[in-house]
Amino acid sequence: MFPIRRNRRLRQNEAIRSLVRETTITPNDFLVPLFVVEGKGVKEEIPSMPNYYRFSLDLLEEEVKLLWNLGLKSVLLFVKVDDKLKDNKGTEALNPNGLMQRAIKSVKEICPNMLVMTDVALDPFSVYGHDGIIENGKIINDATVEVLAQMSISHAEAGADFVAPSDMMDGRVLGIREALDQSNFIDTGIMSYSAKYASSFYGPFRDALDSAPVDAHDIPKDKKTYQMDFANRDEAIRETQMDINEGADIVMVKPGLCYLDIVRDIRNSFNVPIAVYQVSGEYAMLKAAAEKGWLDHDSVMLEQVTAIKRAGADIIASYFAKDVVNLIS
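Quick look at the overall build of the protein chain
A count of helices and strands for the protein chain gives eleven helices and twelve strands. A compact globule built from 329 residues should have a C-alpha radius of gyration of about 20 Å, and the protein chain, at 20 Å, falls within 12% of that. Taken along its principal axes, the extent of the C-alpha atoms in the protein chain is 75 × 45 × 40 Å. If you take every contact in the protein chain between residues at least 6 apart in sequence, the share linking residues at least 24 apart comes to 74%.

Quick look at the structure:
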(Lines give C-alpha, C1' and ligand atoms only; values in the text may rest on other atoms or scores of the structure.)
Protein backbone atom coordinates (compact mmCIF):
# COMPACT_ATOMS: atom_id res chain seq x y z
CA MET A 1 0.00 0.00 0.00
CA PHE A 2 1.16 3.52 -0.73
CA PRO A 3 2.30 5.36 2.45
CA ILE A 4 -0.44 6.11 4.95
CA ARG A 5 1.73 8.83 6.38
CA ARG A 6 2.02 11.76 3.96
CA ASN A 7 4.07 14.59 5.39
CA ARG A 8 2.92 16.96 2.67
CA ARG A 9 -0.53 17.12 4.29
CA LEU A 10 1.05 19.51 6.79
CA ARG A 11 2.42 21.75 4.02
CA GLN A 12 -0.62 22.24 1.80
CA ASN A 13 -1.32 25.90 2.59
CA GLU A 14 -0.12 28.74 4.77
CA ALA A 15 -2.78 28.11 7.39
CA ILE A 16 -1.58 24.62 8.19
CA ARG A 17 2.09 25.56 7.81
CA SER A 18 1.62 28.35 10.35
CA LEU A 19 -0.23 26.06 12.72
CA VAL A 20 2.56 23.47 12.90
CA ARG A 21 5.52 25.83 12.54
CA GLU A 22 8.23 24.96 15.06
CA THR A 23 10.09 28.27 15.12
CA THR A 24 8.36 31.64 15.20
CA ILE A 25 9.99 35.07 15.15
CA THR A 26 8.58 37.89 17.32
CA PRO A 27 9.86 41.33 18.39
CA ASN A 28 10.79 39.79 21.74
CA ASP A 29 13.61 37.87 20.05
CA PHE A 30 15.68 40.93 19.20
CA LEU A 31 18.40 43.03 20.76
CA VAL A 32 18.99 46.16 18.67
CA PRO A 33 22.56 47.45 18.27
CA LEU A 34 22.78 51.25 18.24
CA PHE A 35 25.76 53.41 17.29
CA VAL A 36 26.16 56.75 19.07
CA VAL A 37 28.25 59.79 18.12
CA GLU A 38 28.82 63.26 19.50
CA GLY A 39 27.04 66.26 18.06
CA LYS A 40 23.48 67.40 17.51
CA GLY A 41 21.09 66.51 14.74
CA VAL A 42 23.46 63.81 13.47
CA LYS A 43 22.11 60.80 11.63
CA GLU A 44 24.99 59.43 9.55
CA GLU A 45 24.47 56.44 7.30
CA ILE A 46 27.32 53.95 7.59
CA PRO A 47 28.60 53.47 4.02
CA SER A 48 29.29 49.74 4.41
CA MET A 49 25.97 49.19 6.23
CA PRO A 50 23.23 50.67 4.02
CA ASN A 51 20.21 52.01 5.89
CA TYR A 52 21.99 51.78 9.24
CA TYR A 53 23.07 54.91 11.08
CA ARG A 54 25.12 56.58 13.76
CA PHE A 55 22.98 58.84 15.96
CA SER A 56 23.73 61.85 18.09
CA LEU A 57 22.02 61.78 21.47
CA ASP A 58 19.07 63.95 20.45
CA LEU A 59 18.22 61.72 17.48
CA LEU A 60 19.04 58.60 19.47
CA GLU A 61 16.04 59.46 21.62
CA GLU A 62 13.79 59.51 18.56
CA GLU A 63 15.14 56.16 17.42
CA VAL A 64 14.57 54.61 20.84
CA LYS A 65 10.96 55.78 20.86
CA LEU A 66 10.46 54.24 17.42
CA LEU A 67 11.95 50.94 18.53
CA TRP A 68 9.75 50.81 21.61
CA ASN A 69 6.63 51.50 19.56
CA LEU A 70 7.60 48.60 17.29
CA GLY A 71 7.76 46.30 20.30
CA LEU A 72 11.56 46.19 20.39
CA LYS A 73 12.43 46.42 24.06
CA SER A 74 16.20 45.94 24.26
CA VAL A 75 19.15 47.88 22.87
CA LEU A 76 22.91 47.32 22.82
CA LEU A 77 24.88 50.57 22.83
CA PHE A 78 28.18 51.30 21.07
CA VAL A 79 29.97 54.64 20.88
CA LYS A 80 32.24 56.21 18.28
CA VAL A 81 34.92 58.08 20.18
CA ASP A 82 36.86 61.08 18.90
CA ASP A 83 40.47 60.19 18.10
CA LYS A 84 41.81 62.82 20.47
CA LEU A 85 40.20 60.98 23.40
CA LYS A 86 41.85 57.65 22.61
CA ASP A 87 44.88 56.25 24.41
CA ASN A 88 46.36 52.88 25.30
CA LYS A 89 44.49 52.48 28.59
CA GLY A 90 40.92 53.34 27.65
CA THR A 91 40.91 56.33 29.98
CA GLU A 92 37.88 57.92 28.32
CA ALA A 93 35.85 54.74 28.92
CA LEU A 94 35.80 55.63 32.63
CA ASN A 95 34.68 59.23 32.16
CA PRO A 96 31.39 59.56 34.09
CA ASN A 97 30.34 62.18 31.55
CA GLY A 98 31.57 60.19 28.56
CA LEU A 99 29.50 59.52 25.49
CA MET A 100 28.52 56.00 26.57
CA GLN A 101 27.46 57.16 30.01
CA ARG A 102 25.37 59.99 28.55
CA ALA A 103 23.85 57.63 26.00
CA ILE A 104 22.72 55.25 28.74
CA LYS A 105 21.13 58.10 30.66
CA SER A 106 19.44 59.44 27.52
CA VAL A 107 17.83 56.11 26.70
CA LYS A 108 16.65 55.61 30.27
CA GLU A 109 15.25 59.14 30.50
CA ILE A 110 13.22 58.85 27.30
CA CYS A 111 12.19 55.21 27.77
CA PRO A 112 12.74 53.97 31.34
CA ASN A 113 11.53 50.44 30.57
CA MET A 114 13.88 49.93 27.63
CA LEU A 115 16.47 47.29 28.54
CA VAL A 116 19.89 48.84 28.05
CA MET A 117 22.96 46.69 27.43
CA THR A 118 26.36 48.25 26.89
CA ASP A 119 29.48 47.21 25.04
CA VAL A 120 32.39 46.70 27.42
CA ALA A 121 35.67 46.64 25.51
CA LEU A 122 38.57 49.00 24.97
CA ASP A 123 38.78 49.01 21.17
CA PRO A 124 36.56 52.11 20.65
CA PHE A 125 38.75 53.96 23.16
CA SER A 126 42.12 52.50 22.14
CA VAL A 127 44.59 54.41 20.01
CA TYR A 128 45.60 50.99 18.66
CA GLY A 129 42.09 49.67 17.97
CA HIS A 130 42.57 46.66 20.24
CA ASP A 131 40.34 45.33 23.00
CA GLY A 132 43.11 45.50 25.58
CA ILE A 133 46.08 47.44 26.88
CA ILE A 134 49.26 46.84 24.88
CA GLU A 135 52.71 46.44 26.41
CA ASN A 136 55.77 45.32 24.50
CA GLY A 137 53.67 44.39 21.50
CA LYS A 138 51.26 42.16 23.44
CA ILE A 139 47.72 42.58 24.72
CA ILE A 140 47.97 42.46 28.51
CA ASN A 141 45.18 40.41 30.01
CA ASP A 142 44.93 41.17 33.73
CA ALA A 143 45.49 44.93 33.55
CA THR A 144 42.82 45.07 30.85
CA VAL A 145 40.36 43.17 33.04
CA GLU A 146 40.82 45.76 35.78
CA VAL A 147 39.84 48.54 33.38
CA LEU A 148 36.88 46.53 32.05
CA ALA A 149 35.62 46.04 35.61
CA GLN A 150 35.79 49.77 36.29
CA MET A 151 34.15 50.46 32.94
CA SER A 152 31.29 48.16 33.90
CA ILE A 153 30.78 49.97 37.20
CA SER A 154 30.66 53.28 35.31
CA HIS A 155 27.98 51.91 32.99
CA ALA A 156 25.96 50.57 35.91
CA GLU A 157 26.17 53.92 37.66
CA ALA A 158 24.76 55.55 34.52
CA GLY A 159 21.81 53.13 34.55
CA ALA A 160 22.78 50.16 32.36
CA ASP A 161 20.77 47.01 33.00
CA PHE A 162 23.39 44.66 31.54
CA VAL A 163 27.03 45.04 30.62
CA ALA A 164 28.28 43.04 27.65
CA PRO A 165 32.02 42.34 27.71
CA SER A 166 33.08 41.68 24.12
CA ASP A 167 36.84 41.65 24.65
CA MET A 168 37.60 37.91 25.18
CA MET A 169 40.12 38.52 27.96
CA ASP A 170 40.50 35.55 30.30
CA GLY A 171 38.71 35.96 33.63
CA ARG A 172 36.94 39.17 32.76
CA VAL A 173 33.47 37.91 33.67
CA LEU A 174 34.56 37.09 37.21
CA GLY A 175 36.43 40.38 37.49
CA ILE A 176 33.38 42.32 36.36
CA ARG A 177 30.97 40.34 38.54
CA GLU A 178 33.04 40.87 41.66
CA ALA A 179 33.49 44.57 40.93
CA LEU A 180 29.78 45.10 40.33
CA ASP A 181 28.82 43.23 43.48
CA GLN A 182 31.36 45.10 45.60
CA SER A 183 29.88 48.37 44.30
CA ASN A 184 26.37 47.16 45.21
CA PHE A 185 25.27 46.61 41.61
CA ILE A 186 24.18 43.07 42.34
CA ASP A 187 21.23 43.32 39.95
CA THR A 188 23.28 44.49 36.97
CA GLY A 189 23.53 41.55 34.60
CA ILE A 190 26.36 40.32 32.42
CA MET A 191 25.89 39.18 28.83
CA SER A 192 29.25 37.70 27.97
CA TYR A 193 30.56 37.30 24.44
CA SER A 194 31.60 33.78 25.39
CA ALA A 195 32.36 32.34 21.95
CA LYS A 196 33.55 35.31 19.92
CA TYR A 197 35.57 34.29 16.91
CA ALA A 198 38.35 36.15 15.11
CA SER A 199 36.16 36.68 12.10
CA SER A 200 36.47 38.60 8.85
CA PHE A 201 32.77 39.46 9.07
CA TYR A 202 33.37 42.41 11.42
CA GLY A 203 34.67 44.87 8.84
CA PRO A 204 31.65 47.16 8.49
CA PHE A 205 31.25 47.36 12.27
CA ARG A 206 34.82 48.56 12.62
CA ASP A 207 34.09 51.17 9.96
CA ALA A 208 31.07 52.29 11.97
CA LEU A 209 33.13 52.90 15.10
CA ASP A 210 36.56 53.55 13.54
CA SER A 211 37.86 50.78 15.78
CA ALA A 212 39.92 48.55 13.48
CA PRO A 213 43.40 47.56 14.69
CA VAL A 214 45.99 50.02 13.44
CA ASP A 215 48.79 48.92 11.14
CA ALA A 216 51.84 49.81 13.19
CA HIS A 217 55.20 48.30 14.02
CA ASP A 218 55.18 45.89 16.98
CA ILE A 219 51.39 46.08 17.29
CA PRO A 220 49.33 42.93 16.58
CA LYS A 221 47.70 43.38 13.18
CA ASP A 222 44.63 41.36 14.16
CA LYS A 223 42.81 40.03 17.23
CA LYS A 224 43.72 36.38 16.91
CA THR A 225 45.65 36.26 20.21
CA TYR A 226 42.43 36.78 22.15
CA GLN A 227 39.44 36.09 19.90
CA MET A 228 38.81 32.43 19.04
CA ASP A 229 40.17 30.52 16.06
CA PHE A 230 37.25 29.99 13.67
CA ALA A 231 38.45 26.43 13.06
CA ASN A 232 37.68 25.45 16.66
CA ARG A 233 34.44 23.97 17.96
CA ASP A 234 35.10 22.27 21.31
CA GLU A 235 36.90 25.36 22.57
CA ALA A 236 33.58 27.23 22.52
CA ILE A 237 32.18 24.85 25.12
CA ARG A 238 35.18 25.45 27.39
CA GLU A 239 34.92 29.22 27.01
CA THR A 240 31.19 29.21 27.67
CA GLN A 241 31.51 26.92 30.70
CA MET A 242 34.12 29.24 32.20
CA ASP A 243 31.93 32.30 31.70
CA ILE A 244 28.94 30.58 33.28
CA ASN A 245 31.08 29.53 36.24
CA GLU A 246 32.31 33.12 36.59
CA GLY A 247 28.79 34.52 36.73
CA ALA A 248 27.60 35.27 33.19
CA ASP A 249 23.80 35.58 33.04
CA ILE A 250 23.62 35.35 29.24
CA VAL A 251 26.22 33.86 26.90
CA MET A 252 26.77 34.90 23.31
CA VAL A 253 28.02 33.37 20.09
CA LYS A 254 29.45 35.77 17.51
CA PRO A 255 29.18 35.83 14.46
CA GLY A 256 25.89 34.15 13.59
CA LEU A 257 25.24 32.21 10.42
CA CYS A 258 28.64 30.55 9.99
CA TYR A 259 28.57 29.46 13.64
CA LEU A 260 25.15 27.88 14.07
CA ASP A 261 26.81 24.55 14.91
CA ILE A 262 28.36 26.32 17.89
CA VAL A 263 24.98 27.72 18.92
CA ARG A 264 23.45 24.24 18.87
CA ASP A 265 26.40 22.75 20.78
CA ILE A 266 25.99 25.35 23.52
CA ARG A 267 22.22 24.89 23.58
CA ASN A 268 22.70 21.15 24.02
CA SER A 269 25.30 21.62 26.74
CA PHE A 270 23.95 24.41 28.96
CA ASN A 271 20.60 25.58 30.26
CA VAL A 272 21.29 29.30 30.04
CA PRO A 273 19.97 32.10 27.80
CA ILE A 274 21.95 32.23 24.55
CA ALA A 275 22.41 35.32 22.42
CA VAL A 276 23.67 35.30 18.85
CA TYR A 277 25.10 38.37 17.13
CA GLN A 278 24.19 38.55 13.46
CA VAL A 279 27.12 40.74 12.60
CA SER A 280 27.75 43.65 10.28
CA GLY A 281 29.30 41.58 7.49
CA GLU A 282 26.24 39.33 7.39
CA TYR A 283 24.04 42.40 7.16
CA ALA A 284 26.17 44.05 4.48
CA MET A 285 26.32 40.95 2.27
CA LEU A 286 22.56 40.63 2.08
CA LYS A 287 22.11 44.34 1.45
CA ALA A 288 24.65 44.21 -1.39
CA ALA A 289 23.16 41.08 -2.96
CA ALA A 290 19.65 42.52 -2.75
CA GLU A 291 20.82 45.78 -4.32
CA LYS A 292 22.23 43.77 -7.22
CA GLY A 293 18.95 41.92 -7.57
CA TRP A 294 20.62 38.60 -6.82
CA LEU A 295 18.58 37.81 -3.69
CA ASP A 296 15.16 38.75 -2.40
CA HIS A 297 16.00 40.85 0.64
CA ASP A 298 13.00 40.22 2.87
CA SER A 299 12.63 36.49 2.35
CA VAL A 300 16.35 35.82 2.86
CA MET A 301 16.45 38.10 5.91
CA LEU A 302 13.56 36.24 7.53
CA GLU A 303 15.11 32.88 6.66
CA GLN A 304 18.39 33.93 8.27
CA VAL A 305 16.96 35.10 11.59
CA THR A 306 14.70 32.05 11.74
CA ALA A 307 17.73 29.81 11.25
CA ILE A 308 19.51 31.54 14.12
CA LYS A 309 16.58 31.02 16.45
CA ARG A 310 16.05 27.45 15.22
CA ALA A 311 19.67 26.66 16.07
CA GLY A 312 18.97 27.54 19.70
CA ALA A 313 19.25 31.29 20.17
CA ASP A 314 17.01 33.00 22.72
CA ILE A 315 18.22 36.48 21.75
CA ILE A 316 19.24 37.76 18.33
CA ALA A 317 21.35 40.91 18.18
CA SER A 318 20.67 42.05 14.63
CA TYR A 319 20.83 45.14 12.45
CA PHE A 320 17.77 43.68 10.71
CA ALA A 321 15.58 43.94 13.82
CA LYS A 322 13.44 46.84 12.63
CA ASP A 323 13.15 45.41 9.12
CA VAL A 324 12.04 42.03 10.44
CA VAL A 325 9.47 43.47 12.83
CA ASN A 326 8.02 45.69 10.12
CA LEU A 327 7.80 42.63 7.87
CA ILE A 328 6.07 40.34 10.35
CA SER A 329 3.75 42.86 12.00
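Examining empty space enclosed by the protein
Unfilled space is identified by rolling a water-sized probe across the atoms. Scanning the model with the defined rule gives two cavities of 30 Å³ or more in all. Of the voids in this model, the largest cavity is the one considered here, and its volume is about 120 Å³. Considering the residues around the largest cavity, the lining is formed by 15 residues, among which Asp123, Lys196, Phe205, Lys223 and Lys254 are closest to the centre. For the lining of the largest cavity, the elements supplying multiple residues, two or more each, are strand S9 (189-196) and helix H6 (203-209). The greatest single-element share of the lining of the largest cavity, amounting to three residues, is contributed by H6. Among the residues forming the lining of the largest cavity, the class breakdown is six nonpolar, two polar and seven charged. Put simply, the second largest cavity is a space of about 30 Å³. Looking at the second largest cavity, the residues that line it are Met169, Asp170, Gly171, Arg172, Glu239, Met242, Asp243 and Glu246. The leading source of residues in the lining of the second largest cavity is helix H7 (residues 234-246), at four residues. Of the residues assigned to the lining of the second largest cavity, the class counts are two nonpolar, one polar and five charged.

Remarks on the nonpolar core
Ranked by internal contacts, the top residues of the largest apolar core, which has 105 residues, are Phe30, Phe35, Leu60, Val75, Leu77, Met191 and Tyr277. Take this core: its biggest share by element is eight residues, from helix H4 (residues 141-158). Discounting chain neighbours no more than four positions away, the residues touching Val75 are Leu31, Val32, Leu34, Leu67, Val107, Met114, Leu115, Val116 and Met117.

Some points on the pairing of S9
The buried fraction of S9 is high, at eight of eight residues. Bridge count for strand S8 (residues 162-165) against S9 is two bridges, and the pairing is parallel. Residue pairing for S9: Phe162 is matched across the bridge by Gly189. Traced from S8 through helix H5 (residues 172-182) to S9, the parallel crossover comes out right-handed. Pairing of S9 with strand S10 (residues 250-254) involves four bridges; the strand directions are parallel.

Here's the deal with the packing of aromatic side chains
Here the structure, examined in full by the defined rule, presents 14 aromatic pairs. A centroid spacing of 6.3 Å and a plane angle of 50 degrees characterise the contact between Tyr53 and Phe55, whose relative ring orientation is tilted. Overall, the relative accessible area of 5% leaves Phe55 in the buried class. In this arrangement the basic side chain of Lys43 is found over the ring face of Tyr53, its NZ or CZ atom lying 4.6 Å from the centre. One cation-aromatic arrangement involves Lys254 over Tyr277; the distance from NZ or CZ to the ring centre is 4.5 Å.

Section: H4
Its 18 residues give H4 an end-to-end C-alpha distance of 26 Å, which sits within 8% of 26 Å, the value for a rise of 1.5 Å per residue. Along H4, the residues that are buried comprise Thr144, Val145, Val147, Leu148, Ala149, Met151, Ser152, Ile153, Ser154, His155, Ala156 and Ala158. Buried residues belonging to H4 abut helix H3 (99-110), strand S5 (115-120), strand S6 (133-135), strand S7 (138-140), S8 and H5. A positive phi of about 120 degrees marks Gly159, the residue just after H4.

About the criteria used
Residues numbered from 1 in each chain as written. Predicted model: local features only at pLDDT ≥ 70, side-chain atom pairs only at ≥ 80, totals over all residues. Heavy atoms only, no water. Helix = DSSP H or I, 4+ residues; strand = E, 2+ residues; numbered from the N terminus. Rg over C-alpha atoms; globule rule 2.2 N^0.38 Å. Contact = heavy atoms within 4.5 Å. 1 Å grid on protein atoms, 1.4 Å probe; cavity = no way out; pocket = protein on both sides within 12 Å on 5 of 7 lines; lining within 4 Å. Points joined across faces, edges and corners; volume = space filled by probe spheres on them. Nonpolar A, V, L, I, M, F, W, Y, C, P; charged D, E, K, R; others polar. Core = buried A, V, L, I, M, F, W, Y, C linked by side-chain atoms within 4.5 Å. Buried < 20%, exposed > 50% of the residue type's maximum accessible area, 1.4 Å probe, protein only. Pairing = 2+ DSSP bridges. Right-handed = clockwise from strand over helix to strand, strands pointing away. Phe/Tyr/Trp six-rings, centres within 6.5 Å; stacked < 30°, edge-to-face > 60°. Lys NZ or Arg CZ within 6 Å of the ring centre and 35° of its normal. Expected span 1.5 Å × (residues − 1).

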